[in-house]
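So you can see what is in the structure, the chains are spelled out below.
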Amino acid sequence: MEAISVPASDHGLDTRRRRDRYGDVALKWTTALAAAGSVALIGLIVYKVVDGAQPAFSQFGISFIWHRTWDAVTNHFGALDFIFGTLYTTAWAVLIGGPIAIAIGLYLSELAPRGVRGVIGSLVEMLAAIPSVVLGLWGILVLGPVVHDQLGPWLNTAFGWTPFFSSRPDSGSSLFTAVLVLTIMLVPITASISRDLFAQVPADVKEAAYGLGLTRWEMVRGVLLPYARGGLISAVLLGGGRAVGEAIAVTQVIGATTHGIDWNLFDTGDTLASRIASQYQGAVSNLQVGSLFYLGVILLVMSLVVNFVAQTIVRRYAIERAH
Amino acid sequence: MEAASVRPSLKAQGRARRRLLTNRGTELGATLAAFGAVAVLAIVVVNVVQRAIPALNVDLLTQVQATFGESGGGISNAIVGSAIIVGLATAIAVPIGVLIAIYVSEFAHEQVRRYVRLALDVLNGVPSIVIGIFVYGLLVTGSGQAAWKASFALGVIMLPIVSRTTIEILGLVPSEVREASLALGVARWRTVLFVVLPTVRGGVLTGSTLAVARAAGETAPLLFTTSIFLNAVVSDPRQAMDTLPFTIFLYSESADPNLQRQAWAAAFVLMAFVLVTGLSARFLLARSERKLRGG
């Protein structure tokens with residue numbers, strides 16, 4: 001290696017020094033450029049998506065957000081149905097999946113025997129690795145019929161008095177099927193973050209609780225959950241962010257027809273992401289393409305806000321802990 | 001028995017009994033939740049394998065899609081397309097991702113480091129469908145679809161995964177390694193490239209493998225960049241190609257049982273690939289962390 005060879009003269013030493021100085025500067029700036037590129041990339045994404053939405057912006061303005069027609073014939077487009085669909089399915093997925101995921105986190109950090117812990121943890125994380133399109137295929141051909149034939153009628157009989165299950169499903173494609181698929185996607189993400197959070201709780205705090213004679217559950221309720229509260233909120237938010245942005249699997253199982261602000265989970269629906277995905281080859285007019293981009297802008301803002309809030313909570317939480 | 005009734009009972013009663021039962025109940029609940037998640041994984045995998053088996057044959061891997069209405073045919077062009085597109089995406093994302101990681105962990109000031117990491121987290125949180133329309137607006141409008149445009153989109157998705165894993169693993173390299181090299185008079189850039197970087201080869205490999213597993217299953221960006229293609233094996237990245245995720249997406253909405261069978265077969269191939277790469281990434285990560293933590 002050059003680095004070891006003794007320079008023959010001062011002249012050689014000089015060139016090496018100069019080369020090394022150039023090398024340092026070059027490497028520093030090449031890597032800095034790449035890092036700046038990643039920041040610029042976010043700017044470019046925002047710019048391009050907003051730019052694509054321009055035709056719809058100038059036609060509908062901000063009222064696009066609360067209009068609910070989507071008609072390619074009369075060229076009237078609005079986002080309200082899809083915003084509702086996104087928020088409604090995500091809310092249910094978070095409501096069902098959040099507690100399950102936190103429970104899994106608790107099992108993995110507190111209950112699981114040492115030998116089983118790693119295996120089950122890995123299996124739960126593998127659930128997150130299943131491609132969404134495969135989960136969607138399973139959702140439409142396996143889960144859909146189950147929802148239509150068994151789960152749907154049963155839930156309708158038991159909870160038909162609530163607005164959520166007020167009819168039997170007409171087909172396997174429904175908001176409910178989408179909620180189940182989203183729940184399956186959200187659980188492993190939130191579960192593995194929760195497990196890491198619980199693992200960070202200092203052992204002496206837990207032992208102090210046990211020393212007072214608390215049962216395991218009382219220790220969890222009194223020590224673990226309050227201790228990890230901030231982190232748990234952002235773990236659930238990050239899972240919710242995944243549900244908000246999921247396009248493919250939802251497109252496959254949700255039925256792609258909206259009924260407006262419709263609380264009945266056994267009706268079909270549509271979300272921002274699934275509407276964009278399902279119209280990938282069907283957009284005819286400039287205005288319709290612009291409207292799809294507009295949906296993309298709304299989706300981007302929603303997921304950026306969710307992620308940003310989650311990250312901020314995590315960071316503040318980490319800083320508080322450090323003190 | 002007489003004597004026992006005199007002694008105080010050791011069984012929990014009243015409040016204590018209630019506390020014990022609550023505890024048992026919640027423990028059972030948490031255990032069920034964990035095994036429920038594993039059961040869902042098992043059900044999905046078993047369903048895919050079961051339904052894919054009847055369609056798995058040599059034709060599937062060597063033929064292109066049968067013309068409409070005919071039976072048979074295969075997904076060879078989708079397999080080739082996915083391999084080329086993901087391969088190209090890796091070639092784009094890995095070098096840039098590693099450069100970013102080097103900057104963050106070797107050069108940047110604390111403040112800058114925080115911003116770049118935040119940017120990577122934000123980028124990781126952008127929904128893939130938005131990446132899809134972004135690349136559509138940036139590259140596809142006007143000039144049409146092409147495989148390399150899909151690779152670009154997947155590269156954007158892979159970038160934060162590669163960077164973040166590499167940053168984590170670079171953080172594990174003991175500073176003595178850098179100091180020893182610098183103390184010997186080795187220049188900074190040589191230290192970084194020839195001393196520090198080789199010690200984290202395993203970590204870079206892990207990050208790349210994780211990113212490949214994620215990108216191979218992405219469908220949304222492909223809809224806008226490579227969804228209109230010839231029914232043949234295409235190897236020119238300037239043309240659009242069929243891909244496994246898109247095949248599954250398209251066939252899953254079909255009523256034709258032959259196409260549905262092929263969708264299951266394609267799902268089997270894709271899932272096997274993704275799970276195997278994911279598992280090997282986990283294995284590699286464990287190994288390189290063990291090495292760096294002084295194994």
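Residues numbered from 1 in each chain as written. Chains lettered and ligands numbered in written order. Predicted model: local features only at pLDDT ≥ 70, side-chain atom pairs only at ≥ 80, totals over all residues. Heavy atoms only, no water.

Engineer: I'd like a description of the side chain of Glu 218 of chain A, backed by residues and values.
Structural biologist: Structurally, Glu 218 of chain A is set in helix 8 (residues 216-245). Looking at Glu 218 of chain A, its side chain comes within polar contact range of the main-chain nitrogen of Thr 215 of chain A, at 2.9 Å. Within the structure, Glu 218 of chain A has its side chain in polar contact with the side chain of Arg 19 of chain B (distance 2.8 Å). The contacts of Glu 218 of chain A, once residues within four sequence positions are left out, are Val 223 of chain A together with Arg 19 of chain B. (Helix = DSSP H or I, 4+ residues; strand = E, 2+ residues; numbered from the N terminus. Polar contact = N/O pair within 3.5 Å; in protein donor to acceptor, adjacent residues only side chain to side chain. Contact = heavy atoms within 4.5 Å.)

Engineer: Any chance you could break down the packing of helix 10 (residues 201-217) of chain B against helix 13 (residues 257-292) of chain B for me, citing the residues and the numbers?
Structural biologist: Residues and elements named next belong to chain B. Where helix 10 meets helix 13, the closest approach of the two axes is 8 Å, and the angle between their N-to-C directions is 160°. Relative to helix 13, helix 10 is oriented roughly antiparallel. Considering the relative orientation of helix 10 and helix 13, their crossing is left-handed. The segment helix 10 lies against helix 13, with Gly 202, Gly 203, Leu 205, Thr 206, Thr 209, Leu 210, Val 212, Ala 213, Ala 216 and Gly 217 engaging Leu 270, Phe 273, Val 274, Thr 277, Gly 278, Ser 280, Ala 281, Leu 284, Leu 285 and Ser 288. For the contact of helix 10 with helix 13, the per-class residue count stands at 11 nonpolar, 9 polar and no charged. (Axes fitted to C-alpha atoms, helices over the stretch in contact; angles between N-to-C directions. Parallel < 35°, antiparallel > 145°, perpendicular 65-115°, else oblique. Left-handed = near helix turned anticlockwise from the far one by under 90°. Nonpolar A, V, L, I, M, F, W, Y, C, P; charged D, E, K, R; others polar.)

Engineer: Tell me about a nonpolar patch on the surface, and please be specific about residues and values.
Structural biologist: On the surface, Trp 154, Phe 159 and Trp 161 of chain A cluster together to form a nonpolar patch covering roughly 430 Å² of accessible area. Topologically, Phe 159 of chain A is positioned in helix 5 (residues 132-159). (Patch = residues over 30% accessible without salt bridge, like charges linked within 9 Å, V, L, I, M, F, W, Y side chains within 5 Å. Areas by Shrake-Rupley, 256 points an atom, 1.4 Å probe, with all protein chains shown as cover. Salt bridge = Lys/Arg side-chain N within 4 Å of Asp/Glu carboxyl O.)

Engineer: So, the pattern of salt bridges: which residues are in play, and what are the values?
Structural biologist: Counted by the stated rule, this structure contains 16 salt bridges over all chains. The shortest N-O distance in the salt bridge between Lys 206 of chain A and Glu 110 of chain A comes to 3.1 Å. Here Lys 206 of chain A, found in helix 7 (residues 203-211), pairs with Glu 110 of chain A, found in helix 3 (residues 80-111); they are 96 residues apart in sequence, far enough to count as distant. For the salt bridge of Glu 106 of chain B with Arg 178 of chain B, the shortest nitrogen-to-oxygen distance reads 2.8 Å. Here Arg 178 of chain B lies in helix 8 (residues 175-183) and Glu 106 of chain B lies in helix 4 (residues 76-107), a separation of 72 residues in the sequence. We note that Glu 106 of chain B, like Arg 178 of chain B, is buried. (Buried < 20%, exposed > 50% of the residue type's maximum accessible area, 1.4 Å probe, protein only.)

Engineer: Describe the interface of chain A and chain B, listing the residues and the values that go with them.
Structural biologist: With 72 residues of chain A at the interface, the matching set in chain B holds 76 residues. When chain A packs against chain B, close to 6800 Å² is buried across both sides, 78% of that on carbon and sulfur atoms. Considering only the surface of chain A that becomes buried against chain B, Leu 27, Leu 137 and Tyr 280 of chain A emerge as the three largest contributors, covering 9% of it. Across the chain A-chain B interface, the total number found is 4 salt bridges. Here Arg 216 of chain A makes a salt bridge to Glu 27 of chain B, at a shortest N to O gap of 2.9 Å. Taken together, the connections running from chain A to chain B amount to 13 residue pairs in polar contact (both at pLDDT 80 or more). Partitioned by chemical class, the residues of the side of chain A that touches chain B number 47 nonpolar, 14 polar and 11 charged. (Buried area = accessible area lost by both parts, 1.4 Å probe.)

Engineer: How would you sum up the environment of Asn 307 of chain A? Please name residues and give values.
Structural biologist: Residues and elements named next belong to chain A. On the secondary structure map, Asn 307 appears in helix 11 (residues 286-322). When its relative accessible area of 9% is taken as the criterion, Asn 307 is described as buried. Asn 307 sits 68 residues away from Gly 239 along the chain, and the two C-alpha atoms are 9.6 Å apart.

Engineer: Please set out the packing of aromatic side chains residue by residue, giving values where relevant.
Structural biologist: The full count for this structure, using the stated rule, is 20 aromatic pairs over all chains. Each ring, one from Trp 70 of chain A and one from Phe 77 of chain A, has its centre 4.8 Å from the other, and the planes form 65°; the classification is edge-to-face. Classification of Trp 70 of chain A as buried rests on a relative accessible area of 18%. Judged by its relative accessible area of 1%, Phe 77 of chain A is buried. On the numbers, 5.8 Å between centres and 85° between planes, the contact of Phe 229 of chain B with Phe 246 of chain B is edge-to-face. (Phe/Tyr/Trp six-rings, centres within 6.5 Å; stacked < 30°, edge-to-face > 60°.)

Engineer: So what's going on with the environment of Leu 265 of chain A? Which residues, and what values?
Structural biologist: Residues and elements named next belong to chain A. Of note, Leu 265 is situated in the loop between helix 9 (248-254) and helix 10 (272-278). Taking the C-alpha atoms as reference points, Leu 265 and Gly 121, 144 residues apart in sequence, are found 31 Å from one another. Sequence-distant contacts of Leu 265, that is, excluding residues within four places in its chain, are made with Tyr 88, Trp 92, Phe 164, Phe 165, Ser 174, Leu 175, Phe 176 and Val 179.

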